[in-house]
Every structure is written in structure tokens, then in C-alpha cells.
Amino acid sequence: MTTIKFFLYANLLVFLAACSPKPYQVAQKIQEEKVKEVVTKMDTNVAPVLVDSLGNSLVTSFIPTVNFSSRKPNFVIIHHTAQDSLAQTIRTFTLERTQVSAHYIVGRNGEVVQMLNDELRAWHAGNSKWGNNYDMNSASIGIELDNNGFEPFSDSQISSLLILLTKLKTTYNIPTPNFIGHSDIAPKRKPDPSILFPWKKLADNGFGLWYDIPNLPPPANFDVESALRIIGYDTRDLPAAIIAFKRHFVKLDLNPVMNEWDKCVLYNLYKKY
Ligand SMILES: [Zn+2]
């Protein structure tokens, strides 16, 4: 093909894609193929290969049980996209090279886009930890909120989010404390959702915990690090964990220092976990 012909052909393809009634047909096809791969892998029931330290094979077999179902998500992780539009995030999640995805995106106008079946593993959490759970992608549903990271979250967006969370909580029986943010599970790396995210409103509706007012002052021997760790925070980088805690619950400043009020809030929450 000559360069000009190729150029015209490439332009025609772009034109056709833009005018297609199904603009995400390519992504749809790729997803279907990948789902097939996952299912095929599950269907291959063979005995496990187990070898001892001397290289001897153990006697193993595969005998099918008849009692099972698919695994269920047990956490919901909330993110902000840090992008400028819903379309931009959809594009990011339909390109293989980005290697990121989420189950849902909620637009500023309240539109909800699902991108992956709840029972498949999306790639939204990355390197993260909550309590002793080191693989949050396997355990959770990821929800992205279309938000640039500096603007307030619109009422329509939060109202749609609450409806979606209600459905997920009921369907999968997700415990109330297990609705948390990306920054909670990856405090060293991630600042989302931002300090403007209305966690109290979520907690008032049964998604995530919140503290009570007035608070009892913590005892003199109250240990901030242990309390954060018991709640679930990864405290290997304590200043990062403190900032994540304050971004979620205190919302007054993001200094890695716990003042008396911050400690009262933490103590109150710690007693609930
Ligand atoms: Zn995130």
C-alpha cells in the first residue's frame, strides 16, 4: 500500500470508528476474549502438582465438589479520577496499554457507567494494604468518581453513588466498615478521593464508619500507631497513614501530626472497629 493510500485508509478507519453506533466495539471484543480465557482456566480441573523438598511428587487428585458459587467482593474502594471528563476516563479504561480499570465510573451529572462484571478483578487498587489484606483488587469493587481532584463532588454524583452502594452492599453483603478510599489503602501513593469527599454523608447512609460527638479524650497511654493499624491503615510509613486518616476523617489539615482533636476522633473510631 502506498503511503497516501495508507493515510486515506487510516483516516477512513478513524472516521468509521467515530461514526460507529457502537464506539466501544473493539474494547467489547477484547473483554469478551479475556473473559473466555478466565472461564477456560476455571474449567480446567486437574490434580495439583505438588513436589516435596527432595523432588518426589505427592499423590494428588481432582475430585469435583458440587457445592460452590463465584467468589464475592467484600470491600468497595472509592476513587476520584483526577481527569477532566467521563469520556477521558472511559478512554483510559478501554486502552490495554494503560493497565488500569475500575468496575464503575460515576459522572459529575450522576450517570453511572459499569465497565466490568462485579465478580471479575479490576485493576484499580494497585499496590495496597488494609489490615492484613494485601490484594485489595481481588477483594473489592472499584468505583471511580469523575472529578479533577480539586473540585467539590456534585449532589447528583453523590446521590447516584449512594444508590449504587446500596445495591452493592445488599447484593454482596458488604460490611459497613469496608467502604473505604484509595488513599486509605495506599496512603503513601494515593490522595484520592480528595479531602472534599463527603465521607460523613456516606457513613450516615451506612457506608463506612464515622466518629461520634462529643468525644471522650483518649487515655494518657493511647497509642496512635496501634489505633491506626487496628482500624486497617498500613502504618509502615506512619506520617503517610496519619495524612490519609486526616484526609478521610478530620478534614481540617493534612499535616502528618496528630493534635488533641485528631486523637479524640481516632480514639472514638478505634473503639468502633
Ligand atoms: Zn484511585
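Just so we're clear, the structure is a prediction, and the values are computed from it rather than from any experiment.

*Asks:* How do you make sense of the coordination of the zinc ion when you look at a structure like this?
*Replies:* For a metal with four tetrahedral donors the ideal donor-metal-donor angle is 109.5 degrees, whereas six octahedral donors ideally subtend 90 or 180 degrees. Those protein atoms acting as donors to the zinc ion are His 79 (ND1), His 182 (ND1) and Asp 192 (OD), and they sit at 2.1 to 2.2 Å. All donors to the zinc ion come from one chain, and their sequence spacing reads H-x102-H-x9-D. With a gap of 10 residues between them, His 182 in helix α6 (residues 182-185) and Asp 192 in the loop between α6 and α7 (199-204) connect regions that are remote in the sequence. Overall, His 182 belongs to the buried group, its relative accessible area being 4%.

*Asks:* What exactly am I supposed to notice about the packing of aromatic side chains here?
*Replies:* The geometry of two aromatic rings is summed up by the distance between their centres and the angle between their planes. Using the criterion set out here, one finds 12 aromatic pairs in the structure. Taken together, a centroid distance of 5.3 Å and an interplanar angle of 85° make the contact between Phe 153 and Phe 197 edge-to-face. Of this pair, Phe 153 sits in the loop between β4 (140-145) and α5 (155-172) while Phe 197 sits in the loop between α6 and α7, and the two are 44 residues apart along the sequence.

*Asks:* Whenever I open this one, the UniProt feature "domain: N-acetylmuramoyl-L-alanine amidase" (unreviewed entry) in the protein confuses me. Can you help?
*Replies:* When the UniProt feature table is mapped to this numbering, "domain: N-acetylmuramoyl-L-alanine amidase" (unreviewed entry) covers residues 61-194. Spanning residues 61-194, this segment combines 25% helix with 16% strand, and its end C-alpha atoms are found 51 Å apart.

*Asks:* How do you make sense of the domain arrangement of the protein when you look at a structure like this?
*Replies:* Size of an interface: often given as the accessible area lost when the parts come together. Looking at the assigned domains, one finds that the protein contains domain 1 (67-209) and domain 2 (211-273). Centre-to-centre, using C-alpha coordinates, domain 1 lies 23 Å away from domain 2. Taken together, the contact pairs 16 residues of domain 1 with 17 residues of domain 2. Both faces considered, domain 1 and domain 2 share a buried interface measuring about 1500 Å² in area, 62% of it formed by carbon and sulfur atoms. At the junction of domain 1 with domain 2, the criterion picks out 0 salt bridges.

*Asks:* Looking at this model, I keep getting lost on the nonpolar core. Mind explaining?
*Replies:* Buried together is how nonpolar side chains tend to be arranged in soluble globular proteins. Formed by 50 residues in total, the largest nonpolar core has its most connected members in Ile 143 and Phe 245. The dominant element in this core, judged by the number of residues it contributes, is α5, at 7 residues. With residues up to four places along the chain from it excluded, the contact list for Ile 143 reads Val 76, Ile 77, Ile 78, His 79, Tyr 104, Val 106, Leu 161, Leu 164, Leu 165 and Leu 168. One finds Leu 86, Phe 93, Ala 102 and Val 113 within the second-largest nonpolar core, a separate group that totals 7 residues.

Basis of the calculations
- Residues numbered from 1 in each chain as written.
- Predicted model: local features only at pLDDT ≥ 70, side-chain atom pairs only at ≥ 80, totals over all residues.
- Heavy atoms only, no water.
- Donors = N, O, S within 2.8 Å, 3.2 Å for Na, K, Ca; no water.
- Helix = DSSP H or I, 4+ residues; strand = E, 2+ residues; numbered from the N terminus.
- Buried < 20%, exposed > 50% of the residue type's maximum accessible area, 1.4 Å probe, protein only.
- Phe/Tyr/Trp six-rings, centres within 6.5 Å; stacked < 30°, edge-to-face > 60°.
- UniProt positions renumbered as here; feature names shortened; annotations may be inferred.
- Domains from an automatic or database assignment.
- Contact = heavy atoms within 4.5 Å.
- Buried area = accessible area lost by both parts, 1.4 Å probe.
- Salt bridge = Lys/Arg side-chain N within 4 Å of Asp/Glu carboxyl O.
- Core = buried A, V, L, I, M, F, W, Y, C linked by side-chain atoms within 4.5 Å.

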